[in-house]
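One-letter residues, chain by chain:
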Amino acid sequence: DCGQHYASGETTLMFAARAGMERVCELLIEKDVDVNLRKLRNKTALMFAAAGGYTNICLKLISNGAKLDYKDFDGYTALSYAIKSCHQQVCEILLEKGACPSSELENFWLRLIQDGSLLKPPSGNAIYLLRAAKFGFKNLCLHLLKNGVD
């Protein structure tokens, strides 16, 4: 059954997208599985592919109707997951296809990724203030200062 659900709540397509199984995703899409089915905390296969940095899977899902603006229970989109995982190429693809950052913080992280400033988000927080100032995120700078970042 191509639309099978696992005990974890994932569909077969979600599992394949999360695991980077490009050919399996293609076969499932050819079998007309619902690319926008939302399970497992309201996540989609595109969110899993974006989090894993699987550009070809993202492109295949999008070209077969995957929605860019769906949000999971935490309010994250596929672009959110690509940003959180620092997958620059996936971010660029999603933006090119019409995805929009959903917050000032996402805009900030996206700029850091595109700028090449980060390979992964740093564990220290002073860099956040420096980069927020560099990119002109005044509200984020004020928030960081108010919360003890200096």
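Our subject in this report is the structure included herewith. Bear in mind that the values here come from a model prediction, so they are computed numbers and not experimental data.

## What about a nonpolar patch on the surface?
Next, step 1: Residues Phe15, Met21 and Val24 make up a contiguous nonpolar surface patch of roughly 210 Å² in combined accessible area.
Next, step 2: With respect to the helices and strands, Phe15 occurs in helix H1 (residues 12-19).

## Comments concerning helix H3 (residues 45-52)
Next, step 1: Burial analysis of H3 places six of its eight residues in the buried class, the great majority of the element.
Next, step 2: In this structure, the buried residues of H3 make contact with H1, helix H4 (55-63), helix H5 (78-84) and helix H6 (88-96).
Next, step 3: Of the residues trailing H3, Gly53 is marked for its positive phi of about 80°.

## Comments concerning the packing of H1 against H3
Next, step 1: Where H1 contacts H3, the two axes come as close as 7 Å, and the packing angle between them is 10°. Considering the angle they form, H1 stands roughly parallel to H3. Where H1 approaches H3, its residues Leu13, Met14, Ala17 and Arg18 are matched on the opposing element by Ala45, Phe48 and Ala49.
Next, step 2: Among the residues making up the contact of H1 with H3, the classes are represented as six nonpolar, no polar and one charged.

## A look at the environment of Ala17
Next, step 1: Following the sequence through the fold, Ala17 ends up in helix H1.
Next, step 2: As a C-alpha pair, Ala17 and Ile57 span 40 residues in sequence and 6.7 Å in three-dimensional space.
Next, step 3: In contact with Ala17, other than residues within four places in its own chain, are Cys25, Ala45, Phe48, Ala49, Tyr54 and Ile57.

## Comments concerning the nonpolar core
Within soluble globular proteins, side chains that are nonpolar generally end up buried alongside one another.
Next, step 1: In this structure, Leu13, Leu46, Leu61 and Leu94 are the most contacted members of the largest nonpolar core, which totals 40 residues.
Next, step 2: For this core, the elements supplying multiple residues, two or more each, are H1, helix H2 (22-30), H3, H4, H5, H6, helix H7 (104-115) and helix H8 (126-134).
Next, step 3: The leading source of residues in this core is H3, at six residues.
Next, step 4: Setting aside chain neighbours within four positions, we find Leu13 in contact with Cys25, Leu28, Val33, Asp34, Val35, Ala45 and Leu61.

## A few points about the pattern of salt bridges
Next, step 1: Here the structure, examined in full by the defined rule, presents five salt bridges.
Next, step 2: Across the salt bridge formed by Arg18 and Glu10, the nearest N and O atoms sit 2.5 Å from each other.
Next, step 3: Under the relative-accessibility criterion, Arg18 is labelled partly exposed at 40%.
Next, step 4: Residue Glu26 is joined to Arg23 by a salt bridge in which the shortest nitrogen-to-oxygen separation is 3.1 Å. Taken as a pair, Glu26 and Arg23 lie in helix H2 at a separation of three residues, close to a single helical turn.
Next, step 5: According to the relative accessible area criterion, Glu26 is partly exposed, its value standing at 22%.
Next, step 6: Here the salt bridges do not stand alone but share partners, grouping Arg23, Glu26 and Glu30 into one network.

Scoring rules and cut-offs
- Residues numbered from 1 in each chain as written.
- Predicted model: local features only at pLDDT ≥ 70, side-chain atom pairs only at ≥ 80, totals over all residues.
- Heavy atoms only, no water.
- Patch = residues over 30% accessible without salt bridge, like charges linked within 9 Å, V, L, I, M, F, W, Y side chains within 5 Å.
- Areas by Shrake-Rupley, 256 points an atom, 1.4 Å probe, with all protein chains shown as cover.
- Salt bridge = Lys/Arg side-chain N within 4 Å of Asp/Glu carboxyl O.
- Helix = DSSP H or I, 4+ residues; strand = E, 2+ residues; numbered from the N terminus.
- Buried < 20%, exposed > 50% of the residue type's maximum accessible area, 1.4 Å probe, protein only.
- Contact = heavy atoms within 4.5 Å.
- Axes fitted to C-alpha atoms, helices over the stretch in contact; angles between N-to-C directions.
- Parallel < 35°, antiparallel > 145°, perpendicular 65-115°, else oblique.
- Nonpolar A, V, L, I, M, F, W, Y, C, P; charged D, E, K, R; others polar.
- Core = buried A, V, L, I, M, F, W, Y, C linked by side-chain atoms within 4.5 Å.

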